[in-house]
Structure formats: structure tokens, C-alpha cells
Amino acid sequence: MYSNIIVFWVHESTIRAEQQNAELKLQQQKSEIDTAYYSILQNQYESSNILIHDIKRHLMSIKELSESNDNDGINQYIENLYGNYDIKYIKKYSSNNLVNAIINRYLSTFKESKIDFFCDIRDIDFSFMSDNDLTAILDNLLENAFEASNKSTDKKVELLIYPTNINYVTIKLNNSCDTTPILNNGKLITTKEKSSIHGYGIKSIKRIVKNYDGNISFEYDELENTFCVKIVLKVNN
């Protein structure tokens, strides 16, 4: 009887471990896909820079068409510009193009949902992080912040990234949140279904934080209805 119980326990533990590994692997695959997507956005960013570089020449051509009162020619020229350049405005928050791409993706989402977004990134060298890790942390943080703030009354998100001493980088994200999250000794307990890939976003962040000898903390202000995630990562010199 005892041997059957042990076999059953080992079997169930193995299944749970395999399921968690599968979920984490899926999350890693999602991060890799996101990285590829943001690479496309970076190419669009470069196209915009090329257009800016060539803008004087284009303006001179349009001026010549205008002096000839060739309105149809002006319209056609402008349409060709849109066709020849993959124009997409990306606001520069950081010297890191991937960081800019990630934030700008959510900036559009925040604007569409009328969420007030503030971002302050100091002169941070993100080269100590892989693109996948950087994507996973920022993407999961901003996705969770969007979901919570979009359901709140104030609709606010604030992202701060700054150096701490010379060996650490701090990522701090505050967002409005009308529903009190479940915290256990400072640890966030997700309320999302375990079968959902989004339920593993925090686990993915924690795994990355551990790899960089860092720490993560959560805090909820019941008076202000704001939720704060603070991540400290060690910079490997």
C-alpha cells in the first residue's frame, strides 16, 4: 500500500514538474517571438531615420512641383514616400532600440485606452542583459500594468529605470489598480488561471531576476490604489 502511494506521489510530482517546464518553455518561446517582432519595429525605426536624412531632398522636389502648380504630382510624390519608406514614429526613451520598441508598442495601446503613461529611463547600458530577458521583463511588466490600469478609475502607468550605485539597475513600475492584489509576505499571488500563459509572466520575471542575482518586491497602496513592482538587477562588469 505504501509503495503504491509513493509511486502515485512520484507520478503526480513528475506530471506537475513537466507541466510547469512546458509552461515556462512556452513563455520563453513567446519572448523569442516578441524579440523577433521588436526587431521588425527597429527596422521601421531605421527607415524613419533614413527618411529624416533625405527630407531636404524631398522637400525641394515638392517645392518644385508646387511652383509648377502640379497638385496631382505633389499628391503622387507624397504617396510614393509612404510606399518607399516604412514610416513609423518611435519615441526615443533610451539609447537602446529594443527598449524603445517595446515601450512604444505599449504607448500606442495606452493612448488608445486613454491611460496616462509616464516614462523616465536614465542613461542605462542594457548590454548586460540578453534581448530575450529584456523583452520578457518589460513586456510582462507593461502587459500586467495595462490590464490593471485599464480596469481602474485613474488609468495611470509610470515606468522608471535608473542606476543604483554602480553595480545595480532598478526597474520600478507603478500603475493604478482598483482591485487589491493578493500578497503573501511581499510575494504576489497571481489570480489568473494556471492554464493561462499570462499566469506565468511573474514566474518568468522571477526566473530572470534570479539569473541576474537580483530581487523583486511588490507593494500595494490602498489609499492611492496603486500597485508597485520593484526589480533590482546586478550588472555583471
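Residues numbered from 1 in each chain as written. Predicted model: local features only at pLDDT ≥ 70, side-chain atom pairs only at ≥ 80, totals over all residues. Heavy atoms only, no water.

Q: Would you take a moment to explain the environment of Glu147 for this structure?
A: Counting through the fold element by element, Glu147 comes out in helix α4 (residues 131-150). Looking at Glu147, the relative accessible area reads 27%, which means it is partly exposed. (Helix = DSSP H or I, 4+ residues; strand = E, 2+ residues; numbered from the N terminus. Buried < 20%, exposed > 50% of the residue type's maximum accessible area, 1.4 Å probe, protein only.)

Q: What is the right way to read the pattern of salt bridges from this model?
A: If charged atoms from side chains of opposite charge come close, those side chains can pair. Here the structure, examined in full by the defined rule, presents 3 salt bridges. Across the pair Lys63 and Glu67 runs a salt bridge whose closest N-O atoms are separated by 2.5 Å. Pair noted here: Lys63 and Glu67 are both in helix α1 (residues 2-67), with a separation of 4 residues, about one helical turn. Look at Lys63 and you get partly exposed, because its relative accessible area is 45%. Note that Asp139 and Arg105 form a salt bridge whose closest N and O atoms lie 3.1 Å from each other. With Asp139 in helix α4 and Arg105 in helix α3 (residues 97-112), this pair connects stretches of sequence that are 34 residues apart. Among the residues examined, Asp139 registers a relative accessible area of 3% and is labelled buried. You can call Arg105 partly exposed: its relative accessible area is 33%. (Salt bridge = Lys/Arg side-chain N within 4 Å of Asp/Glu carboxyl O.)

Q: Before we go on, may I ask you to explain the packing of α4 against helix α5 (residues 201-211) in this structure?
A: Relative to each other, α4 and α5 sit at 140°, their axes nearing to 9 Å. The two elements α4 and α5 meet at a crossing, and its hand is left-handed. Only Gly201, Ile202, Ser204, Ile205 and Ile208 of α5 make contact with α4, whose side of the interface consists of Asp133, Ala136, Ile137, Asn140, Leu141 and Asn144. Residues of the contact of α4 with α5, tallied by class, amount to 6 nonpolar, 4 polar and 1 charged. (Axes fitted to C-alpha atoms, helices over the stretch in contact; angles between N-to-C directions. Left-handed = near helix turned anticlockwise from the far one by under 90°. Contact = heavy atoms within 4.5 Å. Nonpolar A, V, L, I, M, F, W, Y, C, P; charged D, E, K, R; others polar.)

Q: Would you take a moment to explain the sheet that holds strand β6 (residues 215-221) for this structure?
A: Strand pairing in a sheet is mediated by backbone hydrogen bonds. Such pairs are either parallel or antiparallel. Ordered by their spatial adjacency, 5 strands build an open sheet running β1-β2-β3-β7-β6, and the pairing between neighbours is mixed. Of all the strands in the sheet, the pair left with one neighbour each is β1 (116-121) and β6. Across this sheet, the average inter-strand angle for adjacent strands is 10°, counted without regard to direction. With 6 bridges connecting them, β1 and strand β2 (residues 156-164) associate as parallel partners. From the neighbouring strand, Asp120 faces β2, where its bridge partner is Leu160. (Pairing = 2+ DSSP bridges.)

Q: What exactly am I supposed to notice about the packing of α3 against α4 here?
A: Packed helix pairs are specified by the crossing angle of their axes together with the interaxial distance, meaning the distance between the axes. α4 packs onto α3 with a crossing angle of 15° between their chain directions and a minimal axis gap of 10 Å. By the angle between their directions, the pair α3 and α4 is classed as roughly parallel. As α3 packs across α4, the resulting crossing turns out to be right-handed. In contact with Leu98, Val99, Ile102, Ile103, Arg105, Tyr106, Thr109 and Phe110 of α3, α4 contributes Asp131, Leu134, Thr135, Leu138, Asp139, Leu142, Glu143 and Phe146. (Parallel < 35°, antiparallel > 145°, perpendicular 65-115°, else oblique.)

Q: So what exactly am I meant to see when it comes to unusual backbone geometry here?
A: Unlike most non-glycine residues, Lys155 shows phi in positive territory, near 55°. We note that Asn225 has phi near 55°; this positive angle belongs to a residue other than glycine. With respect to the helices and strands, Asn225 occurs in the loop between β6 and β7 (226-234). You can call Asn225 partly exposed: its relative accessible area is 29%.

Q: Help me understand the packing of aromatic side chains in this model?
A: Remark: the centre distance and the inter-plane angle together describe each pair of aromatic rings, the angle taken between the planes. Inspection of every chain in the model, using the stated rule, returns 6 aromatic pairs. Between Tyr93 and Phe117 the ring centres are 6.4 Å apart and the planes differ by 75°, which places this aromatic pair in the edge-to-face class. Taken together, the residues span a long stretch of sequence, with Tyr93 in the loop between α2 (71-84) and α3 and Phe117 in strand β1 at a distance of 24 residues. Arranged with centres 6.2 Å apart and planes meeting at 40°, the rings of Phe110 and Phe146 form a pair that is tilted. Linking Phe110 in helix α3 with Phe146 in helix α4, this pair joins segments that are 36 residues apart in sequence. (Phe/Tyr/Trp six-rings, centres within 6.5 Å; stacked < 30°, edge-to-face > 60°.)

Q: What is the right way to read α4 from this model?
A: Count 3.6 residues to each turn of an α-helix, and residues three or four apart come out pointing the same way. Between its first and last C-alpha, α4 extends 27 Å over 20 residues, near the 28 Å set by a 1.5 Å rise per residue. Burial analysis of α4 places 14 of its 20 residues in the buried class, which makes it a mostly covered element. (Expected span 1.5 Å × (residues − 1).)

Q: Is there a simple way to explain the nonpolar core in this structure?
A: As a rule of thumb, soluble globular proteins bury nonpolar side chains together. Counting 46 residues, the largest nonpolar core has Phe117, Ile121, Leu159, Ile161, Ile231 and Leu233 as its most contacted members. Look past the residues within four positions of Leu233 in its chain and what remains in contact with it is Phe128, Met129, Ile137, Asn167, Tyr168, Val169, Ile171, Val209, Tyr212 and Gly214. (Core = buried A, V, L, I, M, F, W, Y, C linked by side-chain atoms within 4.5 Å.)

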